[in-house]
Amino acid sequence: MKNYKQLQERMKELQYLQSAIATLQWDQEVYMPSQASTFRSQQLAQLSSWAHDQFVAPEMGQLLDELASQNLDDDQRINVLRSQEDYEKEIKLPTSFVKKRSSAISTAYSSWVKARDESKASLFLKDFEPLLDIKREEAELRGYENHPYNALFDLFEPGMTVTDLDRLFGTFKEQVGPIKERVFALQENHTDLLKNNIPEKTQWAFGLEVLEQMGFSFERGRQDKSHHPFTITLAPNDIRVTTRVDENDFSNMLWSCIHEGGHALYEQGLPKEKYQALPLSEAASLSIHESQARLWENQLGRSIPFWKFLFPQLVQSYRPAFDGVSFSHFMKAINHIQANTIRTEADELHYHQHIIIRYEIEKQLMSGQLEIKDVEEYWNQAYYDELNIEVKDPKEGILQDVHWAHGGIGYFPTYTIGSFYAAQFHEQMLSEMENLDAAISDGNFSQVFHWLESNIYRHGRKYKSPELCQNICNQPLSALPFLKSFEEKIDQIYQLEG
């Protein structure tokens, strides 16, 4: 079909530009010298405007309209439909706005790095303020119902709104208190055993081994270091993950490797060769992407079967740090819950309180109820009120995350939604494969991969997240399976001997 081939070619050309942008962004966070930031900002702004112009060109709109009226097969129809949805969103943004936004993001990111280095929030906030104004402008350009936050959240999680988030987060907040109190009364504190001094080189080698055992292909990707761990796709067969290393806490790097590895496996598992730059080659949504990372990090990566296989390797690789440490004490240590200041280092339960704090700040920033000059004080007070902890350094407070420097307002809730999806997917996976835990205990993750490939990877963007969840689990998204699975895991761990 001539018109459909034209769409394929246009999307491939656009992919080349997007790949160049991603490569420059990856370099900006991994290797780029600080003095190069101004020119890099200009590069990214120019390339972003070119990519935007190419996608929203009148010829693209005409082509999509023509295709929508033709007799297409199911895959072609979905690719056209999703492309139309993207086109309708992006055509609302003038090219001058896209260029202005890209430049403001690059400036804010450089300021965030400097602010972290100097532990001075004001250095970042002065450049975040104009970026926030731009994001407010973006919400107005895109349009929304009920709340400006919906305009931005829809970019990451189509089909969900503030109303949905308030309901999900409300259920979590109602239920999590009694669960925390029960676990506090039950748990033993063995977290000191995680604080051994382990050289960076040793940690790095073990992290690469874990990624390989998970199934990550180093022929189609690599791992590097960055201020903030992330996963990015530079090309269909070039998936990059990053992590950071703390020689006094091995868990910082290890769970970043597992988390980002989950993202990367999704990217490597998507049907990129089959659909080539078209929507069916892409992830369903940010929350489904996050579900893949959180499933590996928590449902699998903090489970008894996972560590029955990996614990002997950990002891051998980090010798003598774990000599004499019992499996039972190790499992209790990595599943210990305690309020802290750092989101990425938080346990499974407190993690979502971190997210909800950020969500409430973002909503109020977008609506104008909260201004930049008050945001650091609001953050610190929220941590005291919700988690009963005092933020003493902005690097442990408002400067800990890179998302706002990237203009990612609306992104944070996808972490919690993804965690809820992960619990439901894992529950369904276990119900369909009775021997799954035994296979994982033997280091065989192939069943996990095949289940994810069959139920999630191969569909790309065919379904929106709520529909995908309903298809897989026969129930809508809920916080309750997540809370239930955590309680059951803790009970199993505290039945271990030793």
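Rules of the game
- Residues numbered from 1 in each chain as written.
- Predicted model: local features only at pLDDT ≥ 70, side-chain atom pairs only at ≥ 80, totals over all residues.
- Heavy atoms only, no water.
- Helix = DSSP H or I, 4+ residues; strand = E, 2+ residues; numbered from the N terminus.
- Rg over C-alpha atoms; globule rule 2.2 N^0.38 Å.
- Buried < 20%, exposed > 50% of the residue type's maximum accessible area, 1.4 Å probe, protein only.
- Pairing = 2+ DSSP bridges.
- Axes fitted to C-alpha atoms, helices over the stretch in contact; angles between N-to-C directions.
- Contact = heavy atoms within 4.5 Å.
- Left-handed = near helix turned anticlockwise from the far one by under 90°.
- Polar contact = N/O pair within 3.5 Å; in protein donor to acceptor, adjacent residues only side chain to side chain.
- Core = buried A, V, L, I, M, F, W, Y, C linked by side-chain atoms within 4.5 Å.
- Phe/Tyr/Trp six-rings, centres within 6.5 Å; stacked < 30°, edge-to-face > 60°.
- Lys NZ or Arg CZ within 6 Å of the ring centre and 35° of its normal.

(A) Representation of the overall build of the chain within the structure. Looking only at helices and strands, the chain has 21 helices and 3 strands in total. In terms of overall dimensions, the chain is globule-like: its C-alpha atoms have a radius of gyration of 23 Å, near the 23 Å expected for 498 residues. Projected onto its principal axes, the C-alpha positions of the chain cover 70 × 50 × 45 Å. The proportion of buried residues among the 498 residues of the chain is 58%.

(B) Layout of the sheet that holds strand S1 (residues 221-225). Across the sheet, 3 strands lie side by side as S1-S3-S2; this open sheet has mixed pairing. A single partner strand is all that each edge strand has here, and the edge strands are S1 and strand S2 (231-235). The average angle at which neighbouring strand axes cross in this sheet is 25°, direction not considered. Relative to strand S3 (residues 238-243), S2 runs antiparallel, the two sharing 4 bridges. Residue pairing for S3: Ala235 is matched across the bridge by Asp238. Taken strand by strand, helix H1 (residues 2-30) contacts S1, S2 and S3, and its axis lies near 135° from that of S2. Set on the sheet, helix H9 (residues 200-214) makes contact with S1 and S3; between it and S1 the angle comes to about 150°.

(C) The packing of helix H3 (residues 58-68) against helix H4 (residues 74-90), seen in detail. Packing of H3 against H4 brings their axes to within 10 Å, and their N-to-C directions diverge by 145°. As for how H3 packs across H4, the hand of that crossing is left-handed. Contacts between H3 and H4 involve Pro58, Met60, Gly61, Leu64, Asp65, Leu67 and Ala68 on the former and, on the latter, Val80, Ser83, Gln84 and Tyr87.

(D) Representation of the side chain of Asn79. The residue Asn79 is located in helix H4 in this model. Take Asn79: its relative accessible area is 0%, and that puts it in the buried class. A polar side-chain atom of Asn79 sits 2.9 Å from the main-chain amide nitrogen of Leu280. Look past the residues within four positions of Asn79 in its chain and what remains in contact with it is Tyr4, Tyr275, Leu278, Pro279 and Leu280.

(E) The arrangement of the nonpolar core in detail. With 131 residues, the main nonpolar core has Phe124, Phe250, Trp296, Trp307, Phe322, Phe330 and Ile456 as its most contacted residues. The residues touching Trp296, leaving out its near neighbours within four places in the chain, are Met214, Ile258, Gly262, Leu265, Gly301, Phe306, Phe445, Val448 and Leu452. In this structure, Ile21, Leu63, Ala277 and Leu278 belong to the second largest nonpolar core, which totals 21 residues.

(F) Summary view of the packing of aromatic side chains. Counted under the stated rule, the structure contains 36 aromatic pairs. When the ring of Tyr149 is compared with that of Phe153, the centres are 6.2 Å apart and the planes differ by 20°; the resulting orientation is stacked. Separated by 4 residues within a single helix, Tyr149 and Phe153 lie in helix H7 (residues 149-156), roughly one turn from each other. For the pair Tyr149 and Phe153, a shared accessibility class is recorded, and that class is buried. With a centroid separation of 5.9 Å and an interplanar angle of 45°, the aromatic rings of Trp255 and Trp307 are classed as tilted. In this pair, Trp255 sits in helix H10 (residues 250-269) while Trp307 sits in helix H13 (residues 304-317), placing the two residues 52 residues apart along the sequence. The buried category is assigned to Trp255, whose relative accessible area is 4%. Stacked on the ring of Trp255, the Lys or Arg Arg302 has its end atom at 4.5 Å from the ring centre.

These figures capture arrangement, not role.
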